[in-house]
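Summary of structural features
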Amino acid sequence: MPFFSGVLPEGRSRELISRIFGVSETNDFALLERIVGECAGAVRLLPEGTPHDANDEQMRVLDDEEFARTLRELRRRPLLAGSRGLRLSLAGAQDKLPIRIVDGQVALPLGSPASTHIVKPAVPDFDGIVFNEAFCLALAAAVGLPTTAFIVGRADDIDYLAVERFDRSVDGERVVRIHQEDFCQALGIPPERKYQAEGGPNLRRCFELLRTVSAAPVLDLGALLDAVVFNLAIGNNDAHGKNIALLHRTDGTTRLAPFYDLVSTVSYPELAREMAMRLGGQRIADRVAPNDLHRLSKEAGLGAPLVVRRAAELLETTLAKIDEIEKPHPISERVAALVRDRVRMLLGRFGSSGP
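First things first, this report covers the structure right here in the doc. On a predicted model such as this, the values are computed, not experimentally measured, just so you know.

What follows deals with the packing of helix H7 (residues 203-213) against helix H9 (residues 290-300). With their axes 8 Å apart at the nearest point, H7 and H9 run at an angle of 40 degrees to one another. Classified by the angle between their axes, H7 and H9 sit oblique to one another. Two secondary-structure elements touch here, H7 through Leu203, Arg204, Phe207 and Arg211 and H9 through Leu296, Lys298, Glu299 and Ala300. Here the contact of H7 with H9 is built from residues that sort into 4 nonpolar, no polar and 4 charged.

Take a look at the structure:
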């Protein structure tokens with residue numbers, strides 16, 4: 001059940017979709033039956049008796065005006081629920097839509113086709129969140145974290161971020177689904193318990209999972225450690241178990257998936273100050289101290305000197321790379337300044353990696 005409920009939308013999106021179909025918001029199976037076709041990973045769900053044609057590549061290409069209208073529609077009809085021919089589902093509460101980009105044009109998959117990107121339009125309640133996430137993704141890539149490629153665009157007056165799907169592989173004109181599961185799904189935890197304070201995974205369980213299933217545990221444990229420090233640096237307090245994933249690659253191996261949903265949540269004072277997962281013994285990011293890194297090293301099964309040194313190195317690299325990242329919007333500049341101050345504060349607290 002945690003796996004299948006984990007492919008469904010959450011929060012306001014789930015509530016609106018339930019109303020559209022006239023089913024209970026808590027009825028996972030009813031929602032799976034009505035909307036889940038194209039979703040995360042290599043799974044497809046179709047109503048009984050529906051023909052399945054793996055070669056069905058029907059697309060609805062959208063011109064600029066139609067694309068803008070579609071993005072506006074997401075506010076009242078998440079995932080375009082109820083639209084004829086569409087069976088789309090993505091986890092999370094934010095408005096988003098799976099699309100395929102074909103020769104620079106946006107298209108909606110009808111029937112069997114797999115999407116190539118996830119598009120996230122601007123959110124009125126959170127000023128400049130598209131540019132916030134774009135900056136954080138670009139900075140993560142610059143410091144060496146595995147991330148996905150993205151495009152920042154504008155449809156009419158709507159800014160959007162289109163993120164390339166890491167659970168899809170493009171082979172000529174064919175798009176292949178690659179299976180993935182987020183850490184909550186892998187650990188059998190339902191999405192409503194994704195936060196540690198509500199019974200969700202903690203960092204110890206995340207590192208243990210990677211050590212158990214990864215085909216390259218040394219590399220993946222190091223990458224996860226880097227991500228923990230990077231999220232601390234940018235002030236991403238929403239790094240919960242559904243925002244980390246495993247990728248079951250076509251060669252039969254399992255690896256840590258590229259990182260996604262990297263946002264400086266502390267840029268929005270109305271959002272929670274508590275981290276989704278404790279770092280060491282601390283829930284408040286600004287209170288993380290050197291002893292919390294030592295506790296993290298025990299939870300991760302890594303040596304304390306290595307963890308402290310690697311954290312300092314990543315923070316120094318982050319500070320050096322901030323000015324290199326393009327900042328096309330005032331929000332980009334604001335987030336960059338905030339991250340710069342946070343990194344300097346953390347370096348002052350943890351010390352430098354140098355002699």
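Turning our attention to the pairing of strand S8 (residues 174-177). Judged by which residues are buried, S8 turns out to be one-sided: Val175 and Arg177 face inward and are buried, whereas Arg174 and Val176, on the alternate face, are not. Linking strand S7 (residues 168-171) back to S8 in an antiparallel pair, the connection comprises 2 residues, with Gly172 at a positive phi of about 65 degrees.

Attention now moves to the nonpolar core. Within the largest apolar cluster, 59 residues are counted, with the highest numbers of intra-cluster contacts made by Phe135, Leu139, Phe230, Phe259 and Leu296. The greatest single-element share of this core, amounting to 11 residues, is contributed by helix H8 (residues 217-234). Setting aside chain neighbours within four positions, we find Leu296 in contact with Leu203, Phe207, Leu225, Val228, Leu279, Gly280 and Val307. Of all hydrophobic cores here, the second largest spans 18 residues; its members include Leu71, Leu74, Ile99 and Ile158.

For the rest of this paragraph, the subject is the sheet that holds strand S3 (residues 105-109). Taken in spatial order, the 6 strands make up an open sheet running S1-S3-S2-S4-S6-S5, and their pairing is antiparallel. With one partner strand each, in any of the chains shown, strand S1 (59-62) and strand S5 (150-155) form the two edges of the open sheet. Strand-to-strand twist of the sheet, defined as the mean angle between neighbouring strand axes without regard to direction, takes the value 40 degrees. Across 3 bridges, strand S2 (residues 97-102) lies against strand S4 (residues 117-121) in antiparallel orientation. Pairing of Pro98 across the sheet is with Ile118, part of S4.

Right, let's get into the sheet that holds strand S9 (residues 179-182). Read across the open sheet, the 3 strands follow the order S9-S10-S11; overall the sheet is antiparallel. If you trace the sheet from one side to the other, it starts and ends with S9 and strand S11 (254-256), each paired once. Neighbour to neighbour, the strand axes of the sheet diverge by 25 degrees on average, direction disregarded. Pairing analysis gives 3 bridges linking strand S10 (residues 245-248) to S11, with the strands arranged antiparallel. Residue pairing across strands places Leu246 opposite Leu256, the latter belonging to S11.

Conventions used here
- Residues numbered from 1 in each chain as written.
- Predicted model: local features only at pLDDT ≥ 70, side-chain atom pairs only at ≥ 80, totals over all residues.
- Heavy atoms only, no water.
- Axes fitted to C-alpha atoms, helices over the stretch in contact; angles between N-to-C directions.
- Helix = DSSP H or I, 4+ residues; strand = E, 2+ residues; numbered from the N terminus.
- Parallel < 35°, antiparallel > 145°, perpendicular 65-115°, else oblique.
- Contact = heavy atoms within 4.5 Å.
- Nonpolar A, V, L, I, M, F, W, Y, C, P; charged D, E, K, R; others polar.
- Buried < 20%, exposed > 50% of the residue type's maximum accessible area, 1.4 Å probe, protein only.
- Pairing = 2+ DSSP bridges.
- Core = buried A, V, L, I, M, F, W, Y, C linked by side-chain atoms within 4.5 Å.

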